[in-house]
Amino acid sequence: MDHTAHDFDPSVEAHHAKPNTRPIFIALAWIVGITTLEFAIAFALPHTMATLKNSIFIVMTILKAFFIVGEFMHLKHETKGLIWTILIPMALLIWLLVALVTEGSYIGEAIFNR
Amino acid sequence: MSTTTTTQTIPAATLPEPRSGSWDGGNEPFKASYGKLMMWFFLLTDAFTFAAFLTTYGLMRQRHLAYVGAPKDFTFSTAYWPIPEKVFNSFPGLHGMDIPLAFVALMTMILIFSSVTMVLAVEAGHRMDKNDVQKWLLWTILFGSMFISCQAWEWGHFITGSEHGLKMADGSTIFGAALTQNEYGPVLFADLFFFITGFHGFHVFSGICLLTWCFIATTNGTFHKRGHYEMVEKIGLYWHFVDLVWVFVFTFFYLI
């Protein structure tokens, strides 16, 4: 947070700093590329490879999340403490997801007696 | 025995030093302002809500029977969970054609582009460039409104249903999806669609309101007088989060 250092200075308006947008567009290229690839994989791979397809989708989604959170939300450039404060609770949610999806299969088995 | 007087002044050298560690107050251990930090924590709690939604989707999907058979022979039935790309296969203006996932891919792209224009607005704010902030905020509002309009169309299409509907065992025919009946599969599929995309759409709508307010304040020079555009950054964090949630909804609801 360095902007508190700039005090209001009307002369700033006269000569703007050059925009630094390169990292933004690199992140954009990655996200668009990954989404296109996901779209292609959804139709290119046969439905018999469902597990492989879904694993690829999940890995690609996490990769996209990395670019959005890391670059757009600037988390990559924050302090380590803030990064871990956000990431550790999110990582625990993966456990919740796996546990409850497994539970869903058991409920289904109990209902349909598969 | 003489005792020391109780009014004796303690020499300054023996006073404990004021604590000045990272967490003793008066500074920013995370090097982020209070407002930004609280926005992060709000987004963390919001992520819990969306994670609960998507986890529920996973549980309910596993609880139902899956369609077994070739995708080309797929027919809608309330007996098993539908293949998402068979449900979401229409595009505005291209009636009756089977274009799986194209519209939702377009919506994803629109939201990603709105995220980029948002980050450009934040970047312009760092440079104190009022005109650029205004320009990029307007683009973000435009893309956000486009997204929400697309969602309105998709909801309309999902609720209206197909022309032939779905014949039920009792001879009746149901058209489209609602909270208590669903042409495309189990009722819960429709319910989860409405709740997950609806809650996300509500977030997009709130974001557009915040951005509109932010645009007005920028135009009035509020942030320029304040000396920084941190408000744009905070609303930007929220907006990127909304985009992030959509990335997960796209994968877990539409692709898998």
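Residues numbered from 1 in each chain as written. Chains lettered and ligands numbered in written order. Predicted model: local features only at pLDDT ≥ 70, side-chain atom pairs only at ≥ 80, totals over all residues. Heavy atoms only, no water.

Caption draft 1: Here's a closer look at empty space enclosed by the protein. Residues and elements named next belong to chain B. Under the criterion given, the structure shown has three cavities of 30 Å³ or more. As for the largest cavity, its lining consists of Val 87, Phe 88, Ser 90, Leu 101, Phe 103, Val 104, Trp 153, Glu 154, His 157, Phe 158 and Tyr 184. Every element with two or more residues in the lining of the largest cavity is listed here: α3 (102–126) and α4 (130–160). No other element matches the four residues that α4 contributes to the lining of the largest cavity. Considering only enclosed or pocket space, the second largest cavity measures out at about 60 Å³ in volume. Along the wall of the second largest cavity there are ten residues; nearest its centre are Gly 125, His 126, Tyr 229, Glu 230 and Glu 233. Elements that contribute at least two residues to the lining of the second largest cavity include exactly α3 and α7 (230–255). For the lining of the second largest cavity, a count of residues per class yields four nonpolar, four polar and two charged. (1 Å grid on protein atoms, 1.4 Å probe; cavity = no way out; pocket = protein on both sides within 12 Å on 5 of 7 lines; lining within 4 Å. Points joined across faces, edges and corners; volume = space filled by probe spheres on them. Helix = DSSP H or I, 4+ residues; strand = E, 2+ residues; numbered from the N terminus. Nonpolar A, V, L, I, M, F, W, Y, C, P; charged D, E, K, R; others polar.)

Caption draft 2: Inspection of the domain arrangement of chain A at higher detail. Split into domains, chain A comes out as domain 1 (20–77) and domain 2 (79–114). Using only C-alpha atoms to locate each centre, domain 1 of chain A and domain 2 of chain A end up separated by 21 Å. (Domains from an automatic or database assignment.)

Caption draft 3: Inspection of the pattern of salt bridges at higher detail. Residue and element names in this part refer to chain B. One pass over the structure, following the stated rule, counts ten salt bridges over all chains. Residues Lys 36 and Glu 233 are paired through a salt bridge, measuring 2.7 Å at the closest nitrogen-oxygen approach. One end of the pair, Lys 36, is in helix α1 (residues 34–63); the other, Glu 233, is in helix α7, with 197 residues separating them in the sequence. The residue Lys 234 makes a salt bridge to Glu 230 at a minimum N-O spacing of 3.3 Å. With Lys 234 and Glu 230 both in helix α7 and four residues apart, this pair spans about one turn of that helix. A residue is classified by how much of its surface remains accessible, and Glu 230, at 8% relative accessible area, is buried. Linked by salt bridges that have partners in common, Glu 123, Arg 127, Asp 129, Asp 132 and Lys 135 make up one network. (Salt bridge = Lys/Arg side-chain N within 4 Å of Asp/Glu carboxyl O. Buried < 20%, exposed > 50% of the residue type's maximum accessible area, 1.4 Å probe, protein only.)

Caption draft 4: Layout of the packing of α4 of chain B against helix α5 (residues 187–219) of chain B. All names here are of chain B. At a minimum axis distance of 9 Å, the contact between α4 and α5 shows a crossing angle of 155°. Judged on the interaxial angle alone, α5 and α4 are roughly antiparallel. The crossing of α4 and α5 is left-handed. Within the contact of α4 with α5, the residues separate by chemical class into 19 nonpolar, twelve polar and two charged. (Axes fitted to C-alpha atoms, helices over the stretch in contact; angles between N-to-C directions. Parallel < 35°, antiparallel > 145°, perpendicular 65-115°, else oblique. Left-handed = near helix turned anticlockwise from the far one by under 90°.)

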